[in-house]
Amino acid sequence: MPTAAEPPRSTAPRGPETTTARVPGPRARLRDGAAVRWSPSRSAAGPRPFWPVLLPVLVALAALTRIPSFLRPVWNPDEGFLATQARMLADGGVLYDTVVDRKPPLLPWLYQGAFAVFGDESLWPLKAAAVAAVAATAALLASLARRRWGDRAGRSAGVLYVLASVCLGPEDAQAANFEVFTVPFMAAAVWCADRRRWAAAGLAVAGAFLVKQTGGAVLLPVLFLLWRSVPRGRERRAALALLAAGTAAPVVAAALATGWRNFLFWTVTGSGSYASFTGSELHVLGRGLGNTAIVAAGCAGLLVPLAAVLRGRVPGRWSVLTADLWVWLAASAVAVLSGFHFFGHYYLQLLPPLALLAAGALRLLPAGRLRAAGLCCALSCSAFLGWAAVADDTELRHARRVAAAVREHTAPDEEVLLWGMHPEGYWLADRAPASRYLTAGLLTNFSGGRDGNRVGQQYGVEGSWRVFRAELEEDPPKVIVDDSRGKPYAPARMPALRSFLAAHYERVERVDGAVVYVRDDASR
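Residues numbered from 1 in each chain as written. Predicted model: local features only at pLDDT ≥ 70, side-chain atom pairs only at ≥ 80, totals over all residues. Heavy atoms only, no water.

Caption draft 1: Region of interest: helix H15 (residues 323-337). For H15, built from 15 residues, the straight-helix expectation of 21 Å at 1.5 Å per residue is met to within 8% by its first-to-last C-alpha distance of 21 Å. Within H15 the residues assigned to the buried category are Asp324, Leu325, Trp328, Leu329, Ala331, Ser332, Ala335 and Val336. Looking down the long axis of H15, one finds its buried residues gathered within 165° of arc, a one-sided arrangement. Of the surrounding elements, those touching the buried residues of H15 are helix H4 (124-149), helix H7 (178-194), helix H9 (219-229) and helix H16 (351-362). (Helix = DSSP H or I, 4+ residues; strand = E, 2+ residues; numbered from the N terminus. Expected span 1.5 Å × (residues − 1). Buried < 20%, exposed > 50% of the residue type's maximum accessible area, 1.4 Å probe, protein only. Arc of directions from axis to C-beta. Contact = heavy atoms within 4.5 Å.)

Caption draft 2: View of the nonpolar core. Core analysis: the biggest nonpolar cluster contains 152 residues, and Tyr111, Tyr161, Trp198, Trp328 and Trp419 have the highest contact counts within it. Top contributing element to this core by residue count: H4, with 14 residues. Not counting the four nearest positions on each side in its chain, Trp328 is found in contact with Leu141, Met186, Ala187, Val190, Val218, Pro221, Pro352, Pro353 and Leu356. (Core = buried A, V, L, I, M, F, W, Y, C linked by side-chain atoms within 4.5 Å.)

Caption draft 3: Geometry of a nonpolar patch on the surface. Taken together, Phe70, Val117, Phe118 and Trp124 make up a surface patch of nonpolar side chains, about 440 Å² in accessible area. With respect to the element layout, Trp124 can be found in helix H4. Classification of Trp124 by relative accessible area gives partly exposed; the value is 43%. (Patch = residues over 30% accessible without salt bridge, like charges linked within 9 Å, V, L, I, M, F, W, Y side chains within 5 Å. Areas by Shrake-Rupley, 256 points an atom, 1.4 Å probe, with all protein chains shown as cover. Salt bridge = Lys/Arg side-chain N within 4 Å of Asp/Glu carboxyl O.)

Caption draft 4: Examining the packing of H15 against H16 more closely. Where H15 contacts H16, the two axes come as close as 8 Å, and the packing angle between them is 150°. On the basis of their axis angle, the class for H15 and H16 is roughly antiparallel. Judged by the sense of rotation from one axis to the other, the crossing of H15 with H16 is left-handed. Across the interface between the two elements, Leu325, Trp326, Trp328, Leu329 and Ser332 from H15 touch Pro352, Pro353, Leu354, Leu356 and Leu357 from H16. (Axes fitted to C-alpha atoms, helices over the stretch in contact; angles between N-to-C directions. Parallel < 35°, antiparallel > 145°, perpendicular 65-115°, else oblique. Left-handed = near helix turned anticlockwise from the far one by under 90°.)

Set out below in structure tokens:
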């Protein structure tokens, strides 16, 4: 029973808890949809600005952490593949027909557009776009964290993500490749779903998928948020319809633009042998454990506070267990596992939900733990940037020497075939490929994520050797470079290529382990 001096307490259900502070006056303002009162530490002039301060910081940090990406023309074969694809498309090539890869079309189109505007002699526009992608992802994560846990968590999520985003091997962290452009769409999908903007969430899911298939995993946390936040019945059906329409429209448009059958084959059904790891179990396990250890060490500043909250008796710790973020993390883990290749850049998809979970955990810990986490991430980031500055460039120097040999033996309008796994040679040599298959991997099933098992003509993409032989016989390239260097896809193990070389080419030189063959026009 309340006393006469004590007003009766309301028995109405309480809404979501918000952090408030005693201040003169009852006024509160809305921040990302949540009521937050003025802090007593802020001056009467108004609250400390959030976005005008944080956005420049995130952009500056993203640019600073990606400086090494501008120090080399290419960091890994993905960049070389995309650059060569873009040139072929600009010259009239048709995606999934005369220009092929196992990836969706959005990033090849982005490269093609950048080349059309800025020229195709440098990848700096794509590297600048990667800086923007990192900053955009960080801003979306900051907004999500701020909406749930306040300003400090928002700043923590954004900054910690940027610092962690380069804590991978340099060739994975600094390349303008698929994952760096996938994660902004994934973050945008969750951001829109968190605000119940289902059509926009669907568009973002489609964008993630159209950059890389595994980006579609973000549909799981989006569906979870829909299920949790929208009541059953007509309202939920309407939300599902909006989400489905938003997701399907861009994918259907891309399929129509590239041809339904080819789109489906190259993005979904044609990669069965690539995803199999039969016969390479130990190789796959070693790569997976190695890259997992690298990422765990680089992200210790995120993992340690999260583990401390989950294992300790921290008041309010269950509020960190935001189910949709754990669903997002689990879906991203499945995306990393898919294909069983475990390349370092695959792990980038784990970092957005991990940064959010860490920001949520740090808000429950003393301020000193936030400073310690920030310092740990900053030191890790510095170490990985130092690694990038001194990273081995043997393969790049090799590709440049091979490109110089190709230029020496060909005219600018003559086509060449580089039989290897480094398509950047085409771009560095400024010579057109003689085949739609830019690497030996598509023809032999060889991959850097596998050893020599299940490599050969019989394991290539279905129908690829028939098309490949027709391309070579119709218009034999001026130069063929055997860049296998002892790998299991050497021409000696490929009867069709071996016989074609013997009939029409003569060996002229060896360049850094690669063998250069020039067409013998007298044999034609």
